[in-house]
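Each chain, written out:
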Amino acid sequence: MLGSIPGSGMAGDPAPVAVAEAYRSPGRQSMRRFLAHKGARIGLLMLVAWLIMAAGAPHIAPYDPDALLGKARLAPSLTNWFGTDQLGRDVLSRVIFGSRISLTLGFVSVFFGLVPGVVLGLSAGYFGGWTDTLISRLIDAMLAFPSIILALVIIATLGPGIVNVMIAVGISSVPEYARLVRGSVLSVKAQPYVEAAWLVGNSSARIMFRHIFANINGPLIVFTTLQVGNAILVGAGLSFLGLGAQPPTSEWGLMSSEGRQFLQRAWWIAASPGLAILSVVVAFNLIGDGLRSGFDPKVRSR
Amino acid sequence: MQLYVMGRIVQLIPVLLLVSLIVFLIMHALPGDPATLMLAGAEGGMTSPERLAELREQMGLNDPLVVQYWHFVSGAATGDLGNSIRFREPVLQMILSRLDSTVELALFGLLCSLVIGVPLGLLAAARQGGWIDAVCMSLSYLGASIPVYWLGLMMIFVFAFNLGWFPASGGTSWNSLVLPSLSLGLINAGLVARLMRSSMIEVNGEDYMRTGRAKGLSPGLLLRRHGLKNALIPVVTILGLQFGNMLAGTVVTETVFSRPGVGRLVVSAILSKDYPLVQGAVLFLATVYVTVNLIVDIIYAWLDPRIRYGR
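Small disclaimer: the values here were computed from a predicted structure and weren't measured.

Caption draft 1: Region of interest: the overall build of chain B. Within chain B, the secondary structure is distributed over 14 helices and 0 strands. Of the regular secondary structure in chain B, the N- to C-terminal order runs α-α-α-α-α-α-α-α-α-α-α-α-α-α. Here chain B holds 311 residues, and 45% of them are scored as buried. In chain B, of all internal contacts separated by at least 6 residues, the share reaching a separation of at least 24 is 72%. Surface exposure of chain B reaches about 15,400 Å², of which carbon and sulfur atoms provide 65%. Of note, chain B has its 21 positive side-chain charges centred 16 Å away from the centre of its 18 negative side-chain charges.

Below, the structure written as structure tokens:
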């Protein structure tokens, strides 16, 4: 087993092109490929715009999102670009303030999925044996739930609320993270540098995080980016069902749900927040695909 | 083949046991006492300690967890998922009476995603880089980024309110099924199209396709006899996953279109804190999903003999 260390024959003949590329650090190469991706640049621009809007919401929004402007269900006009809602609040201002909740939801819930998922996946892949069997069975069983259903069970226990939605959406993505990380660990574990790190006397935890984790984070970053968008989507859906944010919060899913009764006469109440979600999630998907081509030189952008 | 099917069915048992354990543990181990939650929700916040103790006893919450789990699993195995607290009816009956509507919606949604996705993917593969390819790519991006409920609302606005072609909600006739299944199908069609496209492009590069072209088969015949059969295999493998997406989608879609289905039942059960109903319905949905995936695996093994003889 130990005699068959792979890779020893590969270092012999580096192609001239590879040498030229090697002078740039892998991180910078990935960055260049990422920025060369047209979709990724558009996505990045959209995301930055949304981040600015979320951060500067009080300065950017034309009105107070909770202020009653007097006239309810006003059609979009020059004074109220997205019209006013059923209570006479400015829809545009509410959409801008809603970005704070949705972006927070995206990042926080990804954290709740990423951390336990990575720990489980790393342990399963690195230790193998019964640890692996136990964790893998657990992952399989969790994957037996369509993900929104798993989120529903968790909300059923925690009770409705936007913070609970963040936790639920995050936890329901744990099995996917764990599966992804476990697979990558298995492919990296047999590499000579891991063995070398072990021989020099590093602890398991140090090998796992410094040596293995550092080499598998490419696919993880791609998945996480896509997952932020997905979490925003699922979270808004749960709020639409009444399980997340509660009135009078300006949350995108909730706003569409409130606008549903007035759809026939005042479509803009339900439509505007949906367009906002669409543009945010498309941004994350574009960035995710760009990152994928950045980390994986085999995927060439056209 | 029979041996393979038997083997797969036997493998299903531990998975289902684990699924039931997960549902059970989440419902019991996370913070939040079901009895307190229920009292707060169902009986207007009157949480006297005596009533709480009585309810805990009644629900068996004072038994050790292992005993409670045993009651849950042995009950579920014999088709007894307990009684709904709010409706005082057997949970299984409540689910079964709404299952038709949900399965109908999920199947038609799946059908829509295939009917739109497969031809689109084939056309995109045939004209790589053309405008159909661009449509295919955009559809897959939009499908992955549009909230299902929002697409449903917009379709109601356009096709029900403005054009009047289909009813906005309710109804039992076939045309009340069009908008919900179309909105579910459109969300997933992009994924199918993208997969179909890449699979077809790969198959087009295979030796047997070149042989077919070389011996002068007409493109249509080549596609039907050799190309499609092989290119469809990856699409078949994700049917189970797609069905899961549909099932998950019905939770939202049924609310948008006011359809009386299992998904809507779960949501209203959560909102009214009907804890046995949530537990039972979720276990039921997960079981359906796992079983459908098993059936897809079996179809896959039947389509591709390498699977069942391998290993």
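Alright, that's what it looks like, and here's the rest.
Caption draft 2: Spatial organisation of the confidence of the model for chain A. For chain A, per-residue confidence averages 85 on the pLDDT scale, and 90% of positions sit at 70 or higher. Confidence over residues 1–16 of chain A falls short of pLDDT 50; this stretch has 6 contacts with residues more than four positions distant or in other chains.

Caption draft 3: The arrangement of the domain arrangement of chain B in detail. Residues and elements named next belong to chain B. Domains assigned within chain B are domain 1 (2–86 + 272–309) and domain 2 (96–246). Between domain 1 and domain 2, the contact holds 10 residues from the first and 10 residues from the second. Between domain 1 and domain 2, a total of about 820 Å² is buried, with carbon and sulfur atoms accounting for 86% of that surface. Contact with domain 2 buries area across many residues of domain 1, yet Tyr289, Val296 and Tyr300 alone supply 47% of it, more than any other trio.

Caption draft 4: Seen up close, the packing of aromatic side chains. The tally for this structure, following the rule as stated, stands at 12 aromatic pairs over all chains. Aromatic rings pair up to connect Trp267 and Trp268 of chain A together with Phe157 of chain B into one cluster. A cation sits over an aromatic face here: Arg194 of chain B above Tyr141 of chain B, 5.8 Å from the ring centre.

Caption draft 5: Local environment of the nonpolar core. Counting residues in hydrophobic clusters, the biggest one holds 140 residues, and the most contacted among them are Phe145 and Leu238 of chain A together with Tyr149 of chain B. With 16 residues, the top contributor of residues to this core is helix α13 (residues 275–303) of chain B. Looking at this core, you find at least three residues from each of domain 1 (2–86 + 272–309) and domain 2 (96–246) of chain B. For Leu238 of chain A, the residues in contact, after removing those within four places along its chain, are Ile148, Ala151, Leu152, Ile155, Val165, Val169, Leu243 and Gly244 of chain A.

Caption draft 6: View of the interface of chain B and chain A. Contacts between chain B and chain A engage 45 residues on the former and 45 residues on the latter. Both faces considered, chain B and chain A share a buried interface measuring about 4,000 Å² in area, 79% of it formed by carbon and sulfur atoms. The largest share of the area that chain B buries against chain A comes from Tyr141, Tyr149 and Trp150 of chain B, three residues that together contribute 16% of it. Applying the counting rule to chain B against chain A returns 1 salt bridge. A salt bridge links Asp289 of chain A to Arg194 of chain B; the nearest nitrogen and oxygen atoms lie 3.4 Å apart. At the level of elements, α1 (2–29), α6 (131–145), α7 (148–162), α8 (175–204), α11 (239–256), α12 (262–271) and α13 of chain B are the ones that each hand at least two residues to the side of chain B that touches chain A. When its residues are assigned to classes, the side of chain B that touches chain A shows 36 nonpolar, 6 polar and 3 charged.

Reading guide: rules and limits
- Residues numbered from 1 in each chain as written.
- Chains lettered and ligands numbered in written order.
- Predicted model: local features only at pLDDT ≥ 70, side-chain atom pairs only at ≥ 80, totals over all residues.
- Heavy atoms only, no water.
- Helix = DSSP H or I, 4+ residues; strand = E, 2+ residues; numbered from the N terminus.
- Buried < 20%, exposed > 50% of the residue type's maximum accessible area, 1.4 Å probe, protein only.
- Contact = heavy atoms within 4.5 Å.
- Areas by Shrake-Rupley, 256 points an atom, 1.4 Å probe, with all protein chains shown as cover.
- Lys, Arg positive; Asp, Glu negative; His and termini not counted.
- Charge placed at Lys NZ, Arg CZ, Asp CG, Glu CD.
- pLDDT = per-residue confidence, 0-100.
- Domains from an automatic or database assignment.
- Buried area = accessible area lost by both parts, 1.4 Å probe.
- Phe/Tyr/Trp six-rings, centres within 6.5 Å; stacked < 30°, edge-to-face > 60°.
- Lys NZ or Arg CZ within 6 Å of the ring centre and 35° of its normal.
- Core = buried A, V, L, I, M, F, W, Y, C linked by side-chain atoms within 4.5 Å.
- Salt bridge = Lys/Arg side-chain N within 4 Å of Asp/Glu carboxyl O.
- Nonpolar A, V, L, I, M, F, W, Y, C, P; charged D, E, K, R; others polar.

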